Amino acid sequence: QVQLVESGGALVQPGGSLRLSCAVSGVIFSFNDMGWYRQAPGKERELVARITSGHYTYYADSVKARFTISRDNAKNTVYLQMNSLKPEDTAVYYCNSPHDSRWWDWGQGTQVTVSS
């Protein structure tokens, strides 16, 4: 059974930075593309970044040039470095497959709140 454990969320001021981590178990991590999603109150979950098994990266326009996704296959972990945070980045952040036909059970997510 695949387990996804997100961490690193916090309350941060606008313009600040955070690094989120997602530890993945129960799957051959290095073979799988990975994505970071977020869901703000009253909004649908959206994919904000993804990284392929070959380390190619893609970003939603809303986070491009501010967020960086990376992976450490030795640690079975995917990261999301978030810089220049804005209040509209406030959401619960989740990791999962970036392919909706291959989603695993969702983890608990990690709360990011951007506020002064």
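Rules used throughout
Residues numbered from 1 in each chain as written. Predicted model: local features only at pLDDT ≥ 70, side-chain atom pairs only at ≥ 80, totals over all residues. Heavy atoms only, no water. Pairing = 2+ DSSP bridges. Helix = DSSP H or I, 4+ residues; strand = E, 2+ residues; numbered from the N terminus. Disulfide = S-S within 2.5 Å. Buried < 20%, exposed > 50% of the residue type's maximum accessible area, 1.4 Å probe, protein only. Salt bridge = Lys/Arg side-chain N within 4 Å of Asp/Glu carboxyl O. Phe/Tyr/Trp six-rings, centres within 6.5 Å; stacked < 30°, edge-to-face > 60°. Lys NZ or Arg CZ within 6 Å of the ring centre and 35° of its normal.

### Side note on the sheet that holds strand β4 (residues 34-39)
- Ordered by their spatial adjacency, six strands build an open sheet running β2-β10-β9-β4-β5-β6, and the pairing between neighbours is mixed. The open sheet has two edge strands, β2 (11-12) and β6 (57-59), and neither has a second partner.
- In the sheet, β4 pairs with strand β9 (residues 91-96) via five bridges, with the strands oriented antiparallel. Note on β9: the bridge partner recorded for G35 is N96.

### Structural notes on the state of the cysteines
- Under the definition given, this model contains one disulfide.
- Each sulfur in the disulfide pair C22 and C95 lies 1.7 Å from the other. In this pair, C22 is assigned in strand β3 (residues 18-25) and C95 in strand β9, connecting sequence segments 73 residues apart. An identical accessibility class is assigned to C22 and C95; each is buried.

### Thoughts on the pattern of salt bridges
- Inspection of every chain in the model, using the stated rule, returns four salt bridges.
- Its salt-bridge partner being K64, residue D61 comes within 3.0 Å of it at the nearest N-O pair.
- Among the residues examined, D61 registers a relative accessible area of 66% and is labelled exposed.
- What makes K64 partly exposed here is its relative accessible area of 47%.
- Between D89 and R66 there is a salt bridge whose closest N-O contact spans 2.7 Å. Of the two residues, D89 is situated in the loop between β8 (77-82) and β9 and R66 in the loop between β6 and β7 (67-72); the sequence distance between them amounts to 23 residues.

### Observations regarding the packing of aromatic side chains
- Tallying each qualifying case throughout the model produces four aromatic pairs.
- Between Y37 and W106, the ring centres sit 5.1 Å apart and the planes meet at 85 degrees, which makes this aromatic pair edge-to-face. Here the residue Y37 occupies a position in strand β4, and W106 occupies one in the loop between β9 and β10 (110-114), the gap between them amounting to 69 residues.
- Judged by its relative accessible area of 4%, Y37 is buried.
- The partly exposed category is assigned to W106, whose relative accessible area is 26%.
- Taken together through their ring pairs, the aromatic side chains of Y37, Y94, W103 and W106 make up a single cluster.
- Positioned over the ring face of Y79 is R19, at 4.2 Å from the centre of the ring.
- The residue whose ring lies beneath R45 is Y94, and the NZ or CZ to ring-centre distance is 4.4 Å.

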